[in-house]
Amino acid sequence: MVTARFWVASAARVAARPALWPVALRQARRIARPGWGRRPPFLPLPDRAYLRYRLETQYGPGGVPRPDDVVEYLRWCSETERYAAGDRGKPREGGAAGR
């Protein structure tokens, strides 16, 4: 499972990229446990079973994600959102599709 160090390093990488802040907030809202604001710790955290499942399907049993993977995932989400919204032009420079 991921550690607090992973989350801090991931947050620092996202914080250094203001263009990713809106998509990071949208993704946090999408994966947050239902009713997160009514139960401690009152943070929009994903359900542990869901997070465990997603990490295992991405990295395999015992796999360890890298903080840079969070940045790449958010870039991919951003590009996917743009495409779904009808902006099907050339991907933005530095986007996941351009790598």
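Further up the page is the structure itself.
What you see is a predicted model, and the numbers here were worked out from it, not measured in a lab.

Asker: Would you explain unusual backbone geometry in this entry?
Answerer: Note on backbone geometry: most residues besides glycine have negative phi, and most peptide bonds are trans. Backbone torsion omega between Pro 40 and Pro 41 reads 10°, so that peptide bond is classified as cis. In the Ramachandran plot, Phe 42 falls in the positive-phi region, its phi being about 60° despite a non-glycine side chain. Classification of Phe 42 as partly exposed rests on a relative accessible area of 46%.

Asker: So what exactly am I meant to see when it comes to the pattern of salt bridges here?
Answerer: Should their charged atoms come close, side chains of opposite charge can pair. What the rule picks out here adds up to seven salt bridges. A cluster of three or more residues bridged by salt bridges with shared partners is formed by Arg 13, Arg 66, Asp 68 and Asp 69.

Asker: When you look at a nonpolar patch on the surface in this model, what are you seeing that I'm missing?
Answerer: A cluster of nonpolar side chains, namely Ile 31, Tyr 50 and Tyr 53, defines an oily patch on the protein surface of about 300 Å² accessible area. Topologically, Ile 31 is positioned in helix α2 (residues 21-31). Residue classification places Ile 31 among the partly exposed positions, given a relative accessible area of 31%.

Asker: Even after reading the chapter, I still don't get the nonpolar core, so can you show me in this structure?
Answerer: Generally speaking, soluble globular proteins have nonpolar side chains that are buried together. Counting seven residues, the largest nonpolar core consists of Val 14, Leu 20, Val 23, Ala 24, Val 71, Leu 74 and Cys 77. For this core, the elements supplying multiple residues, two or more each, are α2 and α4 (67-84). Per element, the largest residue contribution to this core is three residues, and it comes from α4. The residues contacting Val 23, other than those within four sequence positions of it, are Leu 74, Cys 77, Ser 78 and Glu 81.

Asker: Just to check I follow, could you spell out α2 for this structure?
Answerer: Spacing of three or four residues puts side chains on the same side of an α-helix, whose turn is 3.6 residues. Taken residue by residue, α2 has Val 23, Ala 24 and Gln 27 as its buried positions. Taken around the axis of α2, the buried residues stretch over an arc of 100°, which confines them to a single face. Among the exposed residues of α2, those oriented more than 90 degrees off its buried face are Leu 25 and Arg 29. Of the surrounding secondary structure, the elements contacted by the buried residues of α2 are α1 (4-15) and α4.

Asker: Any chance you could explain the packing of aromatic side chains here in plain terms?
Answerer: Aromatic ring pairs: the centre-centre distance and the angle between the two ring planes describe each pair. For the structure shown, the criterion picks out two aromatic pairs. Judged by centre distance (5.0 Å) and plane angle (70°), the ring pair of Phe 6 and Trp 7 falls under edge-to-face. Residue classification places Phe 6 among the buried positions, given a relative accessible area of 10%. For Trp 7, a relative accessible area of 41% translates into the label partly exposed.

Rules behind the numbers
Residues numbered from 1 in each chain as written. Predicted model: local features only at pLDDT ≥ 70, side-chain atom pairs only at ≥ 80, totals over all residues. Heavy atoms only, no water. Buried < 20%, exposed > 50% of the residue type's maximum accessible area, 1.4 Å probe, protein only. Salt bridge = Lys/Arg side-chain N within 4 Å of Asp/Glu carboxyl O. Patch = residues over 30% accessible without salt bridge, like charges linked within 9 Å, V, L, I, M, F, W, Y side chains within 5 Å. Areas by Shrake-Rupley, 256 points an atom, 1.4 Å probe, with all protein chains shown as cover. Helix = DSSP H or I, 4+ residues; strand = E, 2+ residues; numbered from the N terminus. Core = buried A, V, L, I, M, F, W, Y, C linked by side-chain atoms within 4.5 Å. Contact = heavy atoms within 4.5 Å. Arc of directions from axis to C-beta. Phe/Tyr/Trp six-rings, centres within 6.5 Å; stacked < 30°, edge-to-face > 60°.

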